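Take a look at the letters that make up each chain.
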Amino acid sequence: MSTAKCPSQSELQALVSGTLSDRDTADTIEHLEECQNCQKEIERVAMKGSLARYAIEEVVGQGVSGPPPNDSAYWKAVTNVSMEFMPTDTPSIDPAETLSPDVSNTGSRVSPTVETSSPVAMPFLAKSDDPAYIGRLHHFEISRVLGRGGMGIVFEAFDTHLQRTVAIKVLNPEYAKNDVARQRFCREGRAAAAISHENVVAMHQVAREDEGKVAFLVMQFIDGETLETILSHDEPLPTEVAAKYSMQIAAGLAAAHERDMVHRDIKPANILIEKSTDRVKLTDFGLARATDDVKLTKTGMVTGTPLYMSPEQATGATANERSDLFSLGAVMYELLTGKSAFGAPSIVGVMKRIMDESPTAPAKLNPKVPASLSELTMALLEKTPSRRPESAEFVAETLAEIVAGYGPISPLEAPSIGNKSTSKRRLSGTHRLVSQSTLVTSWVVGMVGIASLLLAGSVWFLLPSQESVAPSRDFPVTVLEGNPGTVWAVDFDPTGNRVVTAIEDGSVRLWDVDRKTVLRSFDAHRGIVWMIQYHPTKPIVATSGNDGMVKIWDSETLEMLQEWDAGSPVRKVAFSPDGDRIVAGDQDGVIHTWHIGTGETLATVIQTGAINGVDWSPDGKLIASVGTDKQVRIWDAETLEPRQTMSGHEGTIYNVTFAPTGNQMATVGWGKTVRFWDTNTGLETMQVESETGDNWSIAFCGDGEHAVVASQDGVCRIWNLETKELVASLTGHESAVHNVSLDPVQRRIATSGRDGTVRVWDLSELEE
């Protein structure tokens, strides 16, 4: 029950400063939820305390032409007021806790180092037995402090159980006894853990230590830098790069919004760029709240970072998904122009510009910015939320089309949007960009595959499009969830009871399928693990990664038995049928073969373009390779001398596989077409088509009578190759299916996807 009596000014001030008792805090917040007068009053209390105490406009006047000196009282005042404008649970990932807002009237960024707080004691850390670490928390060895925020301290740590590097955010000791603070801190972890997306930092664990007194979050460690660091040179990014980063930010926001999460603090410091992949990772969901959780947000308090906050946030109104879109627009503006959209000599000036002024369009400041990108940015910066684009999904799709205008967009770069979303009109707010042709095709495939679709129409032996609709059937499926990011590959062990997964955070997981539990997990590579495969006869597995390494592991003890350095990222490896050799193709176009037992390099050859797929013929005499040069190449397995080169694909080829017997081979890649080849003659023998989307992976069943195709549209399709009939469509993944593996014992198929899940399908009810 909320208290009927309005709290006094002193009680509201105590609530703002965090000194109100826990019981009174809960009652007051409940009252504020219903009382609009008190909501306005608490805003005045917060504003009055900030501005009266530090008098920013008196410290530095409106006439300042440049940033004040580093030792000026201005910086201390601005730092304190900035902290007042943000609730105490606003963490920051900045390596050093410095204030770096754009506060000059020229729009340039200034970054004086300001000590915002004294060093914090860390009594919650136990002493480590290893002098290389500064302490220990539960089973995590703490390496160093990465940063400090309003509510947490962020560490780099080593997980001794799972053998991987992680980031840990520990609740500030000063808030440890505050139940409301702990509640908000744990809510942050739960909010982030609900989002599984390649453009969002993965949350691994929410935990407590020391009899529950120390709350901490364990999350994915990203080796990279923030957009804030990248933008510190006061120069715009190349428009193609700016559009690509913006597309991924929007995709990450779309994933959060789909879970009813609003970030509320999108800014360059909360956007990481992963070094190994150049991929965007959104972090710091410290202000994220489920939109229906109004207990702690309807207090009239301002949330967000001034330079990037929306007008509604600046007035203390409730922020929603379109508030995040305004912040995205402010970030995009800076990426495209090198200047902040609302730079002013003071925090108050910044907020006034956000409320009352519209910035100059990016295309007018930077002639390299195309009109479409400039218009989208300005649409995001509309003062009225209803006039902004309707969703982050819409923005991601529109940006994908803009990015595709610079050249074909790979599915690796395309934003992953859940296919559960309903189709939306291509008119959003005041913004309309999309062409009519896009209305009738998949949003990104239509941009990269139009040419191949037109050409495919002239091929007489294509399966008619109406035959690509399989009967609707539901098959029993086991879902293995909770993987920390995209699962790029999956493979059954020889018993069929377990599967291993290759995950984008560098880890490998061994799952018990029936129990749906992780038996083992460990860090295998620095960066993405692209491929994992069991040996045909021995209890070992091979992995390859973005770090250029190919490794052999004991599948039971997880001991590394052998490793090779290819020199550049390796997307695919394959064991020879006899199990004595392994082949790998790397990003530089080099094919390597090595001997498993001795580790000896047997042969290498260089082809044009990056290699995405390799495979052995069933007799072990041939190796096939495919990649970005659109060619299918056959090599002598012993010498790597060329045997055949086949053409037909109109774009990048992603996978190649030989049939278990005979001379048939299949390839998949950009566009809907799956192509089949005769390796003796080098001729294409057949095609089948998926309904929409590019195809990522293909596997043959039995003696090659059926093929299983994993596709970009989230569907795995099973084809009868003799009749060209689509036997079944396996649906359930929320986005692209990247890899498929066949159970060697039972009639089951495992699929892995961009949505972070593995699905094991029981197809025993299918007729032979």
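Being a predicted model, the structure only gives us computed values, none of them experimental.

What exactly am I supposed to notice about the environment of Val-709 here?
The topology assignment puts Val-709 in strand E34 (residues 706–711). Spatially, the C-alpha atom of Val-709 lies 6.9 Å from that of Asn-695, the residues being 14 residues apart in sequence. Each residue touching Val-709, except ones within four places of it in the same chain, is listed here: Val-668, Val-674, Asn-695, Ser-697, Ile-698, Val-715, Cys-716, Arg-717 and Trp-719.

Could you clarify how one ought to interpret the packing of helix H8 (residues 239–258) against helix H14 (residues 392–404) in this entry?
The axes of two packed helices give the description: the angle between them and the distance between them. Relative to each other, H8 and H14 sit at 155 degrees, their axes nearing to 8 Å. Accordingly, the angle class assigned to the pair H8 and H14 is roughly antiparallel. Helix-helix and strand crossings are classified by hand; for H8 and H14 the assignment is left-handed. On the side of H8, the interface is formed by Ala-243, Lys-244, Ser-246, Met-247, Ala-250, Ala-251, Leu-253, Ala-254 and His-257, while H14 contributes Ala-392, Glu-393, Val-395, Ala-396, Leu-399, Ala-400, Ile-402 and Val-403. The class makeup of the residues in the contact of H8 with H14 is 13 nonpolar, two polar and two charged.

Sorry if this is basic, but what is going on with the sheet that holds strand E28 (residues 642–646) here?
The strands that make up a sheet are held in pairs by hydrogen bonds between backbone atoms, and each pair lies either parallel or antiparallel. The strand order E25-E26-E27-E28 describes an open sheet built from four strands, whose pairing is antiparallel. Only two strands of the sheet have a single partner each, and these edge strands are strand E25 (611–616) and E28. In this sheet, adjacent strand axes meet at a mean angle of 20 degrees when their direction is disregarded. Taken together, the five bridges between E25 and strand E26 (residues 622–627) define a ladder with antiparallel strand orientation. Each residue of the ladder has a partner; that of Ile-611, found in E26, is Gly-627.

Please clarify how the pairing of strand E15 (residues 507–512) should be interpreted in this entry.
On any regular strand, side chains alternate: one points to one face of the sheet, the next to the other face. Most of E15 is tucked away, with six of its six residues classed as buried. With burial as the criterion, each face of E15 is covered, one bearing Ser-507, Arg-509 and Trp-511 and the other bearing Val-508, Leu-510 and Asp-512. With five bridges connecting them, strand E14 (residues 498–503) and E15 associate as antiparallel partners. Across the sheet, residue Val-499 finds its bridge partner in E15, namely Trp-511.

Can you walk me through the sheet that holds strand E21 (residues 570–575) in this structure?
Strand order in the open sheet formed by four strands is E21-E22-E23-E24, with antiparallel pairing between adjacent strands. Both outer strands of the open sheet, E21 and strand E24 (601–606), are each paired with one neighbouring strand and no more. Neighbouring strand axes in the sheet, compared pairwise and without regard to direction, differ in orientation by 15 degrees on average. Where strand E22 (residues 581–586) meets strand E23 (residues 590–595), five bridges bridge the pair, whose relative direction is antiparallel. Paired with Ala-584 across the bridge in E23 is His-592.

Can you walk me through the pattern of salt bridges in this structure?
Think of it this way: side chains of opposite charge can pair up when their charged atoms draw near. All told, the structure shown has 25 salt bridges when counted by the stated rule. For Arg-353, the salt bridge is made with Glu-357, and the minimal N-O distance between the two is 3.1 Å. Exposure remark for Arg-353: the relative accessible area of 22% places this residue in the partly exposed category. A relative accessible area of 34% places Glu-357 in the partly exposed class. Among the salt bridges present, the one from Asp-636 reaches Arg-643, with a minimum N-O distance of 3.3 Å. Through salt bridges with shared partners, a single ionic network connects Arg-279, Lys-281 and Glu-504.

Where do I start with H14 in this structure?
Because an α-helix packs 3.6 residues into every turn, residues spaced three or four apart end up facing the same way. With 13 residues, H14 should reach 18 Å at 1.5 Å per residue; the first-to-last C-alpha distance of 18 Å fits that figure. Within H14, 13 of the 13 residues are buried, which leaves it mostly tucked inside the rest of the structure.

Rules and cut-offs
Residues numbered from 1 in each chain as written. Predicted model: local features only at pLDDT ≥ 70, side-chain atom pairs only at ≥ 80, totals over all residues. Heavy atoms only, no water. Helix = DSSP H or I, 4+ residues; strand = E, 2+ residues; numbered from the N terminus. Contact = heavy atoms within 4.5 Å. Axes fitted to C-alpha atoms, helices over the stretch in contact; angles between N-to-C directions. Parallel < 35°, antiparallel > 145°, perpendicular 65-115°, else oblique. Left-handed = near helix turned anticlockwise from the far one by under 90°. Nonpolar A, V, L, I, M, F, W, Y, C, P; charged D, E, K, R; others polar. Pairing = 2+ DSSP bridges. Buried < 20%, exposed > 50% of the residue type's maximum accessible area, 1.4 Å probe, protein only. Salt bridge = Lys/Arg side-chain N within 4 Å of Asp/Glu carboxyl O. Expected span 1.5 Å × (residues − 1).

Everything listed here is a matter of coordinates, which is why it stays silent on function.
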